[in-house]
Amino acid sequence: VSPQAPKRIKALDQDVVNKIAAGEIIVAPVHALKELIENAVDAGSTLLEIVVKDGGLKLLQITDNGHGINKDDLPILCERFTTSKLKAFEDLSSIGTYGFRGEALASISHIAHLAITTKTADSSCAWRAHYADGKLAPAKPGQSADPKPTAGRGGTQITVEDLFYNVLSRQKAFRSPSEEYAKILDLVGRYAVHCKGVAFSCKKHGDSAMGISTPSNASTVDCIRQIHGSAVANELINFEVSDDKWGFKASGWTTNANYHVKKTTILLFINHRSVESSAIKKAIEQTYSAFLPKGSHPFIYLSLDIDPARVDVNVHPTKREVNFLNEDEIIESICAEINARLSQVDTSRTFTTQS
Ligand code: ADP
Ligand code: MG
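Per chain, residue numbering runs from 1 following the sequence as it is written. Numbering of ligands from 1 and lettering of chains from A proceed in the order in which they are written. In keeping with the model being predicted, local features are shown solely for residues with a pLDDT of at least 70 and side-chain atom pairs are shown and tallied solely at 80 or more, while totals for entire chains, interfaces and linings include all residues.

**Topic: helix 2 (residues 29-42)**
So, point 1. By the criteria applied, helices consist of DSSP H or I runs no shorter than four residues and strands consist of E runs no shorter than two, each listed in order from the N terminus. What a helix is expected to span follows from its residue count: subtract one and scale by 1.5 Å. The end-to-end C-alpha distance of helix 2 is 20 Å, a good match for the 20 Å that 14 residues give at a rise of 1.5 Å each.
So, point 2. Field definition: a residue is buried when 20 or more other C-beta atoms are found within 10 Å of its C-beta, exposed when 12 or fewer are, and partly exposed for counts in between, with C-beta atoms placed from the backbone. Burial analysis of helix 2 places twelve of its 14 residues in the buried class, the great majority of the element.
So, point 3. Those residues of helix 2 that sit buried are Pro29, Val30, His31, Ala32, Leu33, Lys34, Glu35, Leu36, Ile37, Asn39, Ala40 and Val41.
So, point 4. Of the residues trailing helix 2, Gly44 is marked for its positive phi of about 75 degrees.

**What to know about the sheet that holds strand 12 (residues 265-270)**
So, point 1. At least two DSSP bridges between two strands are required for those strands to pair. Pairing within the open sheet is mixed, and its five strands lie in the order 10-11-14-12-13. Edge strands, defined here as strands with exactly one partner in the open sheet, are strand 10 (236-243) and strand 13 (273-274).
So, point 2. Bridge count for strand 12 against strand 13 is two bridges, and the pairing is antiparallel. For Phe269, the partnering residue across the bridge sits in strand 13 and is Ser274.

**Things to note about unusual backbone geometry**
Trans peptide bonds make up most of the peptide bonds, and negative phi angles are found at most residues other than glycine.
So, point 1. The backbone of Asp54 sits at a positive phi, close to 50 degrees, despite the residue not being glycine.
So, point 2. Inspection of the secondary structure puts Asp54 in the loop between strand 1 (47-53) and strand 2 (59-64).
So, point 3. For Asp54, a count of 19 C-beta atoms within 10 Å translates into the label partly exposed.
So, point 4. A positive phi is found at Asn326, a non-glycine position, where the angle reads about 55 degrees.
So, point 5. For Asn326, the location among the structural elements is in the loop between strand 16 (323-324) and helix 9 (327-354).

**As for the nonpolar core**
So, point 1. In this structure, Ile108, Ile184, Val188, Ala192 and Ile224 are the most contacted members of the largest nonpolar core, which totals 80 residues.
So, point 2. Here this core gets eight residues from one element, more than from any other, and that element is helix 5 (residues 177-194).
So, point 3. Residue contacts for Ile224: discarding those within four places in its chain leaves Val193, Val232, Ala233, Leu236, Trp253 and Tyr301. In this usage, the nonpolar core is the set of buried Ala, Val, Leu, Ile, Met, Phe, Trp, Tyr and Cys residues whose C-beta atoms join them within 7 Å. Residues are defined as contacting one another if the C-beta atoms placed from their backbone atoms lie within 7 Å.

**A look at the packing of helix 5 against helix 6 (residues 220-228)**
So, point 1. Interaxial angle, 0 to 180 degrees, is taken between N-to-C directions of lines fitted to C-alpha atoms, where a helix line uses only the stretch in contact. Where helix 5 contacts helix 6, the axes come no closer than 8 Å and their chain directions differ by 160 degrees. With respect to each other, helix 5 and helix 6 are oriented roughly antiparallel. Contacts between helix 5 and helix 6 involve Gly189, Ala192 and Val193 from the first element and Thr220, Cys223, Ile224 and Ile227 from the second.
So, point 2. All residues other than Ala, Val, Leu, Ile, Met, Phe, Trp, Tyr, Cys, Pro, Asp, Glu, Lys and Arg, Gly among them, are scored as polar; the first ten of these are nonpolar and the last four charged. Taken together, the residues of the contact of helix 5 with helix 6 sort by class into five nonpolar, two polar and no charged. Reported orientations rely on four angle classes, namely roughly parallel under 35 degrees, roughly antiparallel over 145, roughly perpendicular from 65 to 115, and oblique for the rest.

Structural data, given as structure tokens:
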């Protein structure tokens, strides 16, 4: 009996490859929005307005007042690996950003209807372009795909409609738009706290009430108060710690022993990107266990700047966790500082009650 003949190997369609890649980077609307927020901040914006419909599945629109995009760059804007932020492979170690590979807009264009209106300072008008599968596309069938002049203020507006319209398996994965909207508000809130001097707003399409709204001149504590409430904001301690040996600088605000809740909230930024780190979370909870009743937890906003040469940025974009050298030592320094600050507050309080 001869074994069955093997099936011939064939290359996947480029279109299929692109959709697979896009689906890996953007698993939920909040991931698309994160890329768009980071782009807007990278462009030097001080005002970001976000509008969301159906948890971002129907519409994600973000308007910024940043430096805009040159009209001549519009044709390649949404191709994979086109970027203004990285030139040589060596730049990978010094760039200090995660959204560096020119993949975000390309990915979105493969799994959504994407439109961009943008105006640079030296252009007399704004330009509007539509994209599909990485390329300029007509707004309506039969029209030209060329960017069209239009009225607009300085900056960029990105409109993402019908996310996952061509990825049926993804569409089914979403239980409720309100769950997706909650994730979006959480993310926008994180960037609103972190990005000093940038005003953020986020609301549902058609609503007059804002889900989040912070002015550009708000302090970090003001932003935390606005988003997380006074119960948190009134109990914050400022901390700052750095060490040249490990190439890091950390600063932030963390709650004192008067405040505690069932779940830890960590707003963690590494080199100005919102990330997660289970190692940091665990170490902070450990630190607080000496100060808080059993089973109760703190709120902390932590901004960590690490020498980009020590951060492994060349990880796959699906990784929401980040790797960096001397992680243990850095986490230990941060926790030692928080521990010292909490102890100070503790003794000063004891002192006041005694006197
Ligand atoms: P990356 O951010 O990794 O470069 P993206 O696909 O996110 O890749 O964006 C591609 C390029 O488009 C960016 O390098 C930038 O030049 C430009 N760009 C994207 N969004 C904006 C924006 N809001 N304002 C100005 N330029 C933008
Ligand atoms: Mg980007």
